[in-house]
Structures are given as structure tokens and as C-alpha cells.
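Coordinates in review
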There are 2 protein chains.
Amino acid sequence: MGNGRLTAREIARLAGVSVATVSRVSNGTGQVSEETRRRVLRAIEEHGYRPHHLGQALAARRHGAVGLVFPGLSGPYFSELIQGFESEAVNSRTSVHILCTHLRADSDAEVIEMAHRVDGLAVLGGTLSDETLEELAGMLPVVVLAGGGPPGVPAVRVENTDSTAALTRHLLADHALRRLDFVGNPSGSPDVSERWAGFREAHRQLGLPLPRAPIRVGLQQPDGVFAAEQLLRRSIRPQGIVCANDETALGVLVGASGLGLRVPEDLVITGFDDTPMAALVTPALTTVRQPVRELAAQTARLLMQVATGDVDRSGPTLVLPTDLVVRRSCGCAAPTTPGSTPTGRRAETGLRHSR
Amino acid sequence: MGNGRLTAREIARLAGVSVATVSRVSNGTGQVSEETRRRVLRAIEEHGYRPHHLGQALAARRHGAVGLVFPGLSGPYFSELIQGFESEAVNSRTSVHILCTHLRADSDAEVIEMAHRVDGLAVLGGTLSDETLEELAGMLPVVVLAGGGPPGVPAVRVENTDSTAALTRHLLADHALRRLDFVGNPSGSPDVSERWAGFREAHRQLGLPLPRAPIRVGLQQPDGVFAAEQLLRRSIRPQGIVCANDETALGVLVGASGLGLRVPEDLVITGFDDTPMAALVTPALTTVRQPVRELAAQTARLLMQVATGDVDRSGPTLVLPTDLVVRRSCGCAAPTTPGSTPTGRRAETGLRHSR
DNA sequence: TTGAAAGCGGTACCAC
DNA sequence: GTGGTACCGCTTTCAA
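Read on for a plain summary of the structure. None of the values given here were measured: they were computed from a predicted structure.

Secondary structure assignment for chain A yields 12 helices and 12 strands. Overall, chain A is about 85 × 50 × 35 Å in size when its C-alpha atoms are taken along their principal axes. Expressed as a percentage of its 355 residues, the buried residues of chain A come to 54%. Sequence-distant contacts, at least 24 apart, represent 65% of the contacts inside chain A between residues at least 6 apart.

This part takes up the sheet that holds strand β8 (residues 268-270) of chain A. Residues and elements named next belong to chain A. Spatial strand order, β6-β7-β8: 3 strands in an open sheet with parallel pairing. Edge positions in the sheet fall to β6 (180-183) and β8, since each has one partner strand and no second. Averaged over all pairs of adjacent strands, the angle between strand axes in this sheet comes to 15 degrees, irrespective of strand direction. Here β6 runs beside strand β7 (residues 240-243); their pairing, made up of 4 bridges, is parallel. Paired with L180 across the strands is G240, a residue of β7.

What follows deals with the protein's contact with DNA strand D. Contacts to DNA strand D come from 27 residues, most closely from A8(A), H52(A), T21(B), S33(B) and T36(B). At the protein interface, 63% of the atoms of DNA strand D within 4 Å belong to sugar or phosphate. Looking at the surface near DNA strand D, the elements that each hand over two or more residues are α1 (8-15), α2 (19-27) and α4 (53-60) of chain A together with α2 (19-27) and α4 (53-60) of chain B. The leading source of residues in the surface near DNA strand D is α2(B), at 4 residues. Its residues assigned to classes, the surface near DNA strand D shows 11 nonpolar, 12 polar and 4 charged.

Below, the discussion takes up the protein's contact with DNA strand C. In the neighbourhood of DNA strand C, 28 residues make up the surrounding shell, with R24(A), S33(A), T36(A), A8(B) and H52(B) lying closest. Take the atoms of DNA strand C that sit within 4 Å of the protein: sugar and phosphate atoms are 65% of them. Measuring from a phosphate oxygen of DNA strand C, one finds a side-chain N or O atom of T36(A) at 2.7 Å. A distance of 3.3 Å separates a phosphate oxygen of DNA strand C from a polar atom in the side chain of Y49(B). Put simply, the parts of the chain that give the surface near DNA strand C at least two residues each are α2 and α4 of chain A together with α1 (8-15), α2 and α4 of chain B. Among the elements that take part in the surface near DNA strand C, α2(B) stands out by supplying 4 residues, more than any other. The residue makeup of the surface near DNA strand C, split by class, is 11 nonpolar, 12 polar and 5 charged.

Here the focus is the sheet that holds strand β5 (residues 155-158) of chain A. All names here are of chain A. Spatial strand order, β2-β1-β3-β4-β5-β10: 6 strands in an open sheet with parallel pairing. Every interior strand has two partners, whereas the edge strands, β2 (95-100) and β10 (317-320), have only one. Shown here is a sheet whose adjacent strand axes are inclined to one another by a mean of 20 degrees, direction ignored. The sheet contact formed by strand β1 (residues 65-70) and β2 spans 6 bridges and is parallel. When the sheet's bridge partners are listed, A65 is paired in β2 with S95.

Once that is clear, we can look at α4(B). Looking at α4(B), one finds that the buried residues are H53(B), L54(B) and A57(B). Looking down the long axis of α4(B), one finds its buried residues gathered within 90 degrees of arc, a one-sided arrangement. Contacts from the buried residues of α4(B) go to α4 of chain A.

About the thresholds
- Residues numbered from 1 in each chain as written.
- Chains lettered and ligands numbered in written order.
- Predicted model: local features only at pLDDT ≥ 70, side-chain atom pairs only at ≥ 80, totals over all residues.
- Heavy atoms only, no water.
- Helix = DSSP H or I, 4+ residues; strand = E, 2+ residues; numbered from the N terminus.
- Buried < 20%, exposed > 50% of the residue type's maximum accessible area, 1.4 Å probe, protein only.
- Contact = heavy atoms within 4.5 Å.
- Pairing = 2+ DSSP bridges.
- Axes fitted to C-alpha atoms, helices over the stretch in contact; angles between N-to-C directions.
- Near = heavy atom within 4 Å.
- Nonpolar A, V, L, I, M, F, W, Y, C, P; charged D, E, K, R; others polar.
- Polar contact = N/O pair within 3.5 Å; in protein donor to acceptor, adjacent residues only side chain to side chain.
- Arc of directions from axis to C-beta.

Structure (C-alpha cells):
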């Protein structure tokens, strides 16, 4: 049934009216007498008519969709990101098209192709070159998500540098640790780049020698395992490892325990994100909480505003705050009430200890 | 520059030809003299003309896109799935729109909406009801991915039951384990349902009492931790835990070691998928390898075939084979050559031990 | 209140 | 070879 889709013309014929009236009824626009409206509605429902998207879009010169571009998806971060973005887009009756470039060489072409199918684009920082971003911004509304774009392209991101510096100072000053290593590739994404900067900044602030080069690996759990293998087999082991995100931190944790090291006694590990697993591992992970959902929702909202012209195309850059979450993996005391669930308490300023 | 997009008509005017010729040149169809082709191409490149997608699609009555629908994305499984699907779709110059229903109540409406924007739909098993699937199949080509659809809807899936039965028999017969528990929600997805069936089947085959009800949790790592908490705090602990996938198995591993249990000495754990982490944890995870990328690529290919009419709409159901991968977490011997990387060897038939 | 008709941007058939 | 033109399906003036 209803195989060859019906057109507005056919409904018009069936209801004995013109296409214009069908359009009016189906969109609830214009003035239609109660009686004809009823007649048209009956025909519409009877035959399950739905306006063809392409026709509508062509007439409106609007796709009714926006694109979300990032390198690949795996792990809780992207899951949250997408949910946050979609939850906001749905309010504007806009559908979301997701594009994972997988960091392929020809990804630029794919993005350009997508740009022709949507009304706006949100691009994760580090996915595209500044030149490509500027080219895109010349074609349609673009917002950078989690990173800074070239000048003139609005962006939404989270605070990375200060919070990572605070976290690092906690290890250096409060726990008197030396020989910290950073795991993550600063040139891979703006987020990691800023976290690396914060890591170095903390050393500088405390007048300590600058740390050695980072272990440049990706952001997934296996990458953390590889990093741990590299760092912990050396003759001089680090006392602490500051990871670019929770997933690699969990990987480092796995690698460390595989080598028989105890955390935090033999080695301190920290992450960034505060993913669900962070509170569930043993020891629970000291990390920085970032509002991923909110980040994505704000991006979507800003993109819609730019697309509708409510906001200037070279609009603002929003920065969302983050919180340090101190748990056990940095060496802080175990919970005083054993058996309680380790949810972790956030410390907006200074430090508060998680149970 | 190039802000208000150019139309074929403007290019035609600029090149002093008709729109028909512009169309011919830009598509490489029909006969055009070398000289006019050159003139038109020059105008096209000079002004960066690109045919408007909506106009093209409307004329061709074809969206040039297919949809991929699943409940949510997190973890390596979905990442692989998407990559496999896209890698195949790109061959047909078809773009992929991803829809995560997040298992929301109104997800049906979203899917129907998407159905109006694409030429075909691939739906992960367990995401939609059979009624919705049949309704969709009446509107456009639909293929079920990782599960069986209602009759008449083609599907591509992997072998779950036999391999899980073989895995379970390995624990019951070779390792002489009793008191096994299953972690995963059989009503959540066809995959899990079949794995649960294989788990029970193994008990039946060996004449053992049937196992108790499964621990019905989701498929992510935190779910495994929760399941471990439930199972391992009981007075009578299971000797082994068979998990619906690797991610929950890793969660169970985390939960077990958090409670001070040694794997595999005190407790045996197995997974399903053979994700990258499975070989990297300590102990390495005994699991079943499934060809996720291949699964998705086959689905995409089948969908294209159905869409182009090359294959009947109620086409075939493909079942891809899986391999048992025996590692350390089931209690099998540690590698004889210490220091070697634990990649795991597959055993297509019978069992082979991983180093 | 309703209908005819002119687009929206391309494609493709049919003449010339 | 090339141009005129009638679509694709829908929206939106403009008249009646």
C-alpha cells in the first residue's frame, strides 16, 4: 500500500480542490474554510500523504538539516556530544547529519559535499584545516565545536588550560610529585593542545623544570595502554601520568596494572572528562569534569542562530567552565565511609575531595 | 565571494549557451563540441559553480543518501559499524545519514522523518518494532543490520548462537566450571538474545542444569561494573561470567578487581566482539571475534542493491561467520613465550590457544 | 475563500 | 551540437 508516493496534485484532485489549497491545509497557513479543510484533511489521512521533502526544501530554499563533523566516533565523549547536539536541534525542527571524516585524506571533499546538503555545519576542532573552515564559512554558517576556529568563525569550547594547570599543580604541590609525563597528542586537537599548555604552565608557575615531550598517542583506551607500555618499561619511571582524557587514562591504568604497578602507590594517574567509568574504576580516577552535553547544545543553538541570521556570522566565542574532580588515583585519601559509591565531588574553585 | 549560490541559468548566460548545455557539460552527458565545453567549463570554474543538490535530487527523484539507524553510539562496535558502512556507501556515491534514536519514545517519528530524506534505510536489530519496520519497508528499501527483521525484510547478521555455545562448552567441559552467569539483556537486541540462547544451549547439550536468569544490563562498560557488583557480592559467587560483549566484560573485569578477585583464578570472564582492548587487558580476554566492518559493508551493499532493484526487496538473509578467540581470562595457559604481544589466535573450528 | 500560475534549480526530451 | 521547454513536488503571490 502507498507505494508510489502521492503528490499534492493527486490529493488536490481527490479532494476536488487545487494544489494551493492542499499546501495551505497541510501547512496550516493561509485561510481555508472549515469545510474544505475537513475534506482535504480526510483525503490526506486516507491516503497517508506526506509532502515530499525535496519539493518542500527546494521551494523553501532550505534543507532543514545541519551537519555535525568530527574525526571519528568512539567512546562516551562523542556519544554525549551527539545527544547534546540533537536534543537542541530537534527544537528547531532540524535534523542532524553526522559525518565522520576518519581523518581520511579526502575528507575535505566529503565535507564540502555535505555542505551542499545542509543549512549549517558544526565542526569539531582539529578536524579540518583553517583554510577549509574559511572556505566553508564562505558558503554557509559554520561553528567550531571544542576548539577555536580561524578569526570570523564563531566557536564554543570548554576551559582546558586553567583546569589542567590546577590539576597538575595539585600533583606537583599537594602531592609533592616530580617527574610527571603527559599522554596525548597536542597537535591532534585544540582540546589536547590546551591541556598540554596547562600542564606546562603549572610547572612554570611552580618554578620547576619543564616536563619532557608528551607521548603522542590518540584518545582511545588502547592508546593509553600503548603509552603505558612506553613509559613504564623505561628505567626511570614517571611518578605520575597526566592523560589528555579519561579513556587514555583508563588505558594507562590497565597497562600499569598489567605490569604489576599499584595506583596510586607506585604511580599516579589522572584523566580529563569525568566519563561514567572514571568513578567506577579502582582506584577511582582524578579528573576534570567538562559539560560535554552542554557544549554540544550551545553549539547547536549558536549554529541555529547564525543560520537564521539572529546572530552575526562572525559571532561570539563561548567558553564553558570545567571542574576539578579529585578522587583516589592521584593519591588523595580513600573515602572515610567505606562501601559508599564513589561518585566524586566537584570542586569549582580550589579542591574538594571526592568520597 | 560566491555567497549567493549561482544557478545553472546564470552560468548559461555567462557562457552564452543554454541551461541544457550547462547541464550536459557539468554531468558529462550528451554531445557537446569541444569548444563550447571549454567555454562552459571555464565559466563553471571561474565562478565555482556546483549544481544545487536539491534541484538535482528533485529532478532525479533520488536523494543520493541512505540512513543508518541505531539506538545510540558508544564504543568500538558502533565506530567500526559506521566505518564499514560508509566505506561501502562511498563507492555508490551515496552519503550516509546517521540517526541515533537513543531509545526515545518518539523515535518512530524520527525514523519516519528520516525515511523521507533518504533512498534506503539500514536499521540495527532491536532498534525498532517489527510493525515500524514493516511500515518503513512499505515506503522504501530497508535492510536489518545485526538481527532478523520481520519476514520480507532482508537482513545481515553474524553467527551468535553456535559460537557462544562453543565458548560456553569450553568453560563447562574443558575447564570443568559450574555456576556460570550471563550478563546482558536478551530482550535488548537480537544479538544478545542469540548469545543468551547459545549459552543455555551449551548447558543443555552437556546435560547440565540450565543457568539462572541473566543479569539484564546494557552493553557498555559501566553496565559491566554494575553487573559485577550484583553478582560478586552474593554469598555464592559464580565461577565464571559470560558477557554479552567485550565492553561489559571489561566492566566486569574492573568490578572484579575492585573487589580484590583474581581473574582467572577466582573468577573466569569472557566477552564477545574481540575489540582492540580485549587483547590488551590483563588477563587478556577470551572472546568471540565478529567481523563488524564486514557486517556493515555487506549491509550497505545489500541496501544499495535493493534500492537499485538489482535484488528483490524481500531479499536474502546473510549470516557471517564468527571465531572463538581463546586467551587467558577463561583460565587457559599463559603464553609460553613471555613478552610477546597477546594478539590472540583465532580458532575457526575447535579451539586454538592464543599466545 | 479559492485557484491559476510563476517560480525554486536541474535534467532530459524533442526539435532545429 | 545546441536551444527551447516541459517536467520533478511544493510554496506563494496575485486575481478572481
